[in-house]
Amino acid sequence: MNWISSNIDLILELTIEHARLSIIPIILSFVLAIPLGWLANRTRTLRAVIIATGGLLYTIPSLPLFVILPIVLGTRVLSDINLVVALTIYGVAVMMRSATDALGAVDKVTLDAADAMGFSPWTRFWRVDVPLAGPVLLAGIRIVSVSTIALVSVGVIIGSENLGYLFQTGKQREILVAVVTGIVLTLILALIFDGIILLIARIVMPWNRTATEAAFVRASIKYPVKQDAGAP
């Protein structure tokens, strides 16, 4: 407790930075995965290619990816941009499958009815397809949120300032309370983010709360949180 009180400013700063680094990949993953999910449902070939690509991207170890990205992007090795891009890649890999399954499961009779009512493809997509696919989409983004927050800590290896610093310094200096503090705060952040996403789901889809929870359970089984052997 003395260590915590002596380092409260550092802990608060690292927690805020951890949250900031998590928000951008989560949002980007959702935004980028929607059109990819729509595209995947155009033909069987595209679906197979997109789903296979997502699976391959998710299996890339984070540490080699951190080494490759500065070369590809032309950024500094210690830039936070590398971490954000890497986490976005992992997030999109998960959300691509969720978006593909969600949009592909929309009832064809409902879509035909929307077409018969004169909806344009763009209008139908946003007013029919996306709302009906909402429970699965939101379940997918909840998985992305948890996975992203867990992986942000790996960025401390490339100089990113986040809660991973507490794991690193706690291990190096044998300060158990620092490690425990990092773990607890990471869990709290994950719960806060999940609560916010669930609140959004209940606001935009008040008619489908049960379906949203059921979809989250199925997505959790299909996409366990990514773990890296090289994580601090």
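For clarity, every value in this text was computed on a predicted model and none was experimentally measured.

**Digging into the packing of helix 2 (residues 8-40) against helix 3 (residues 44-58)**
As a packed pair, helix 2 and helix 3 sit with axes 7 Å apart at the nearest point and diverge in direction by 140°. When the interaxial angle is binned, helix 2 and helix 3 end up oblique. Across from Leu36, Leu39 and Ala40 in helix 2, the residues of helix 3 making contact are Leu46, Arg47 and Ile50. Across the contact of helix 2 with helix 3, the residue classes break down as 5 nonpolar, no polar and 1 charged.

**A look at the pattern of salt bridges**
Oppositely charged side chains can form a pair if their charged atoms are brought close together. Counted under the stated rule, the structure contains 7 salt bridges. Glutamate 17 is the partner of arginine 20 in a salt bridge, and the nearest nitrogen-oxygen pair spans 2.4 Å. Taken together, the residues arginine 20 and glutamate 17, both in helix 2 and 3 residues apart, mark about one turn of the helix. In this structure arginine 20 comes out as partly exposed when scored by relative accessible area, which is 39%. Judged by relative accessible area, which is 19%, glutamate 17 ranks as buried. Residue aspartate 129 is joined to arginine 124 by a salt bridge in which the shortest nitrogen-to-oxygen separation is 3.2 Å. This pair shows no difference in class: aspartate 129 is buried, exactly as arginine 124 is.

**So, the nonpolar core**
The nonpolar side chains of a soluble globular protein tend to be buried, and buried together. Counting 51 residues, the largest nonpolar core has Leu83, Leu137 and Ile141 as the members making the most contacts within it. Contributions of two or more residues to this core are made by helix 2, helix 4 (62-73), helix 5 (80-104), helix 6 (108-116), helix 7 (121-152) and helix 9 (176-204). No other element matches the 12 residues that helix 7 contributes to this core. Filtering out sequence-adjacent residues up to four positions away, leucine 137 remains in contact with Phe30, Ile34, Met95, Ser98, Ala99, Ala102 and Val130.

**Some thoughts on a nonpolar patch on the surface**
Together, Leu176, Val180, Val184, Ile188, Ile192, Ile196, Leu199, Ile200, Ile203 and Val204 give the surface a local cluster of nonpolar side chains, amounting to about 900 Å² of exposed area. Note that leucine 176 resides in helix 9.

**Notes on the confidence of the model for the protein chain**
Considering every residue of the protein chain, the mean pLDDT works out to 83; 88% of them sit at 70 or more. Per-residue pLDDT, averaged within each element of the protein chain, yields its smallest value for helix 10 (residues 209-222) (49) and its largest for helix 2 (92).

**Examining unusual backbone geometry**
Located in the positive-phi region is glutamate 174, a residue other than glycine, with phi close to 55°. Secondary-structure assignment places glutamate 174 in the loop between helix 8 (164-173) and helix 9.

**Examining the side chain of serine 153**
For serine 153, the position within the fold is in the loop between helix 7 and helix 8. Accessibility expressed as a relative area gives 6% for serine 153, which makes it buried. Looking at serine 153, its side chain comes within polar contact range of the main-chain oxygen of alanine 150, at 3.0 Å.

**Comments concerning the side chain of threonine 186**
Within the element layout of this structure, threonine 186 appears in helix 9. A residue is classified by how much of its surface remains accessible, and threonine 186, at 12% relative accessible area, is buried. Only 2.7 Å separates the side chain of threonine 186 from the backbone oxygen of glycine 182, close enough to count as a polar contact.

**Let's talk about the packing of aromatic side chains**
For the structure on display, the rule yields 3 aromatic pairs. With a centroid separation of 6.4 Å and 90° between ring planes, the pair formed by tyrosine 58 and tyrosine 90 is classed as edge-to-face. Of this pair, tyrosine 58 sits in helix 3 while tyrosine 90 sits in helix 5, and the two are 32 residues apart along the sequence. Given the relative accessible area of 3%, tyrosine 90 is considered buried. Between phenylalanine 125 and tryptophan 126, the ring centres sit 5.1 Å apart and the planes meet at 80°, which makes this aromatic pair edge-to-face. For phenylalanine 125, a relative accessible area of 10% translates into the label buried. In this structure an aromatic cluster arises from ring pairing among Trp122, Phe125 and Trp126.

Cut-offs used in this document
- Residues numbered from 1 in each chain as written.
- Predicted model: local features only at pLDDT ≥ 70, side-chain atom pairs only at ≥ 80, totals over all residues.
- Heavy atoms only, no water.
- Axes fitted to C-alpha atoms, helices over the stretch in contact; angles between N-to-C directions.
- Helix = DSSP H or I, 4+ residues; strand = E, 2+ residues; numbered from the N terminus.
- Parallel < 35°, antiparallel > 145°, perpendicular 65-115°, else oblique.
- Contact = heavy atoms within 4.5 Å.
- Nonpolar A, V, L, I, M, F, W, Y, C, P; charged D, E, K, R; others polar.
- Salt bridge = Lys/Arg side-chain N within 4 Å of Asp/Glu carboxyl O.
- Buried < 20%, exposed > 50% of the residue type's maximum accessible area, 1.4 Å probe, protein only.
- Core = buried A, V, L, I, M, F, W, Y, C linked by side-chain atoms within 4.5 Å.
- Patch = residues over 30% accessible without salt bridge, like charges linked within 9 Å, V, L, I, M, F, W, Y side chains within 5 Å.
- Areas by Shrake-Rupley, 256 points an atom, 1.4 Å probe, with all protein chains shown as cover.
- pLDDT = per-residue confidence, 0-100.
- Polar contact = N/O pair within 3.5 Å; in protein donor to acceptor, adjacent residues only side chain to side chain.
- Phe/Tyr/Trp six-rings, centres within 6.5 Å; stacked < 30°, edge-to-face > 60°.

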